[in-house]
Amino acid sequence: MEAHQHSPDSSSEECTVLEAPPDKNACPQHAGKVADLYCTDCECVLCEDCMSDHEEHPTIPLSQALEQHRSSLQERLGTVQNRLPQISDALSFIKEILQQLTSQRASIEEDIQSSFEDLHKQLDVRKSVLLMELEVTYGLKQKVLQAQVDSLTRGEGDIVATCTQSEEALAGEACVASLQAERELQEKLGELAGLGLPCQPEENDQLDLVMETDGLRKSIHNLGTIVTTSAVASQSEAMGAGLEQCIVGHPASVTIVTRDKSGGACKSGNAILSAEVFTPDGSIVDGEIVDHKNGTYEFVYIVPKEGDFSLALRLYDQHIKGSPFKLTVNRVLEAEVEVSPSTTTATSSAAYATPSTGSSEGAKRRGKSPGQKKKGSKRASSALGTPRRKTQNPIEDDLIFRIGTKGRNKGEFTNLQGVAASSSGRILIADSNNQCVQIFSNEGEFKTRFGVRGRSPGQLQRPTGVAVHPSGDIIIADYDNKWVSIFSCEGKFKAKLGSGRLMGPKGVSVDQNGHVIVVDNKACTVFIFQLTGKLITKFGSRGNGDKQFAGPHFAAVNKNNEIIVTDFHNHSVKVFTPEGELVLKFGSNGEGNGQFNAPTGVAVDVNGNIIVADWGNSRIQVFDGSGSFLSYINTSADPLYGPQGLALTSDGHVVVADSGNHCFKVYRYLQ
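Model, not experiment: these values are computed from the prediction. (Residues numbered from 1 in each chain as written. Predicted model: local features only at pLDDT ≥ 70, side-chain atom pairs only at ≥ 80, totals over all residues. Heavy atoms only, no water.)

## Let's talk about the sheet that holds strand β35 (residues 654–658)
Spatially, β13-β36-β35-β34 is the arrangement adopted by the 4 strands of the open sheet, whose pairing is antiparallel. This sheet does not close on itself; its edge strands, each paired only once, are β13 (399–403) and β34 (643–648). If you compare each strand with its neighbour and ignore which way they point, the axes differ by 20 degrees on average. In terms of strand pairing, β34 meets β35 through 4 bridges, oriented antiparallel. Among the inter-strand pairings, Leu-646 is bridged to a residue of β35, identified as Val-656. (Pairing = 2+ DSSP bridges. Helix = DSSP H or I, 4+ residues; strand = E, 2+ residues; numbered from the N terminus. Axes fitted to C-alpha atoms, helices over the stretch in contact; angles between N-to-C directions.)

As structure tokens, then:
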């Protein structure tokens, strides 16, 4: 039989029937129908069978509806895609905050460990001292009593032995042979009868321990506090007359209310808040921020001249709601300031700022508030740097040279603050808003500068104070980074100190032991550190008492290793021991000899005289070591405008940061 074979065209597989794909515009309600309309009310597609249910509804061609939907989708896609850079920036910023939070946690943990290790060491030292004191006291008492015991024991032994011998002699037969021995015993008994023995105690057994531990336990229980708030910038807001009106040379006040992410008012203080008023020429007018410790803060500032101003309020380096605020400030005419009380109201209609909201409230803020005048507010009475009084007898010191203009290049400054002078003939300038330190020779020749803007160790955010350590290291107070950075003389970063402790370091100095003196403007406290970063001591708090400060600025150290601090808003200079005990206080608010309107920079000459930059009066005053006024440095050749840091150069001249004029000046100083 022939095998059955399949022919190529006789496949046993069934043929697959290919169906036409469904119409992409098919009506979802009626099979086989094509939708060609779109109901805008119901937002659905329609075929001819659907029309009976949508006769009175507006319709458009399906193609038009599809095009509109595509256009809308594309628009929304673009909107959402445009958010990606914003989200990316926010992500980077929040990651940076998280990193800073982690870094701060590590720093505080290190401080806690270090502090308690120090306490343990101090307790161990005290324990050793007490044990040693116990041994010494016991030894002295034991020696006296033991000597008394030994003396009595010997006396007792002699008496017992002699008495025994005498009793034995008496028990025997009396004879010539025993006569001599009995005579000797009788003499010895006579001696023993009169023997002086220390029968009364010559010491006592008192050894008590007084340990006042209750107060210590309470102090330990309350030792240390982790300070934070839940405040966020996006919810926090500002209010007050300082946002609506302002007069040239008069204080304006703004209240800041901090809120959490849900808009709830924060009830505690210690938030990190910064406030800056930018003048038309770009310089900064500082003010004072007062923490009311209840979640609200007050910023008081004074504008130095008329024009358009910008007020920036930042919480944790982020603008709060509405910040920056715009203000237009009008000048008070000099004649209007001097009018009698009966005519004040009639002449003050043009004296107030016209803010962006158009408010022009009346004459409520004409009075001067001592202690609130801000830098650059130069009055006519002190236009030459010294008040116009013939009795003041200024020393005729001359301006040697000035260096700088406003800018960001070498030899240019923007809001220069601290000044230092090295023994090697260098002048160092903390160029605050340019985030760098510039170095010049004593003759004013530019040498170098260093500094990179940022918030990481080794970077500068707002350098305000500078000092030179005997080792040659350069010490910089960074106000916004809240730490002090240490650089080599070549500008290479070496270390930082005070992180986690400082709130707003303004000025720095070095004492005769090489310790770093830090003036914390925000905390109103003076800190003393070793160069390693170990805290030695601190003193001061906010207030107007003798050992309190209100916005302290700079410090200097005299030959007695005493610390001289300028107390800005208390208009005084205070001298302390290294332990924080007040030695001397001088100065009051005013324009006369020895008075201040917010002192800033300070230096001490070889004779112990104290040189002070009088910021609000735009002058430099000289005092002897006891605080008595001596003279002015004559700045009439080129008037100062809000002087800040001040130092004595190695060749005996005075160098001052003329912040309002964006330069530093060197004056001949007659010591």
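## Comments concerning the pattern of salt bridges
All chains considered together, the criterion is met by 20 salt bridges. Between Lys-547 and Glu-581 there is a salt bridge; the shortest N-O distance is 3.6 Å. Of this pair, Lys-547 sits in the loop between β25 (535–539) and β26 (552–557) while Glu-581 is found in the loop between β28 (572–576) and β29 (582–586), placing the two residues 34 residues apart along the sequence. Judged by its relative accessible area of 40%, Lys-547 falls in the partly exposed class. Here the salt bridges do not stand alone but share partners, grouping Glu-276, Arg-314, Arg-462 and Asp-480 into one network. (Salt bridge = Lys/Arg side-chain N within 4 Å of Asp/Glu carboxyl O. Buried < 20%, exposed > 50% of the residue type's maximum accessible area, 1.4 Å probe, protein only.)

## A word on the sheet that holds strand β22 (residues 505–510)
Taken in spatial order, the 4 strands make up an open sheet running β22-β23-β24-β25, and their pairing is antiparallel. Looking along the sheet, the strands with just one partner apiece sit at the ends: β22 and β25. Across the sheet, the axes of successive neighbouring strands diverge by a mean angle of 20 degrees, strand direction being ignored.

## Some details on the state of the cysteines
A full pass over the atoms with the stated rule returns 0 disulfides. The thiol of Cys-44 is unpaired, and the distance to the nearest cysteine sulfur, on Cys-42, comes to 4.9 Å. Relative accessible area serves as the criterion here: at 25%, Cys-44 is assigned to the partly exposed category. (Disulfide = S-S within 2.5 Å.)

## Topic: the side chain of Thr-525
Relative to the assigned elements, Thr-525 resides in strand β24 (residues 525–529). With a relative accessible area of 8%, Thr-525 lands in the buried category. A distance of 2.9 Å separates the side chain of Thr-525 from the backbone oxygen of Ala-523, its partner in a polar contact. If we ignore the near neighbours within four places in the chain, the residues touching Thr-525 are Val-518, Val-519, Asp-520, Lys-538, Phe-539, Gly-540 and Phe-549. (Polar contact = N/O pair within 3.5 Å; in protein donor to acceptor, adjacent residues only side chain to side chain. Contact = heavy atoms within 4.5 Å.)

## Some words on unusual backbone geometry
Comment: phi is negative for the bulk of residues other than glycine, and the bulk of peptide bonds are trans. The peptide bond linking Ser-323 to Pro-324 adopts the cis configuration, its omega dihedral lying at 0 degrees. Counting through the fold element by element, Pro-324 comes out in the loop between β11 (318–319) and β12 (325–329). For Glu-43, which is not a glycine, the phi torsion comes out positive at approximately 55 degrees. A positive phi angle, near 55 degrees, is found at Tyr-316, a position not held by glycine. Summarising the element assignment, Tyr-316 is placed in the loop between β10 (307–315) and β11. On the accessibility criterion, Tyr-316 (28% relative accessible area) is partly exposed.

## Comments concerning the nonpolar core
Formed by 27 residues in total, the largest nonpolar core has its most connected members in Ile-256, Tyr-301, Leu-311 and Leu-313. When residues of this core are traced back to their parent elements, those giving at least two are β4 (232–239), β5 (251–259), β6 (273–278), β9 (296–302), β10 and β12. If you tally residues by element for this core, the top one is β10, at 4 residues. If we ignore the near neighbours within four places in the chain, the residues touching Leu-311 are Leu-243, Val-254, Glu-276, Val-277, Phe-299, Tyr-301, Ser-323, Pro-324 and Phe-325. (Core = buried A, V, L, I, M, F, W, Y, C linked by side-chain atoms within 4.5 Å.)

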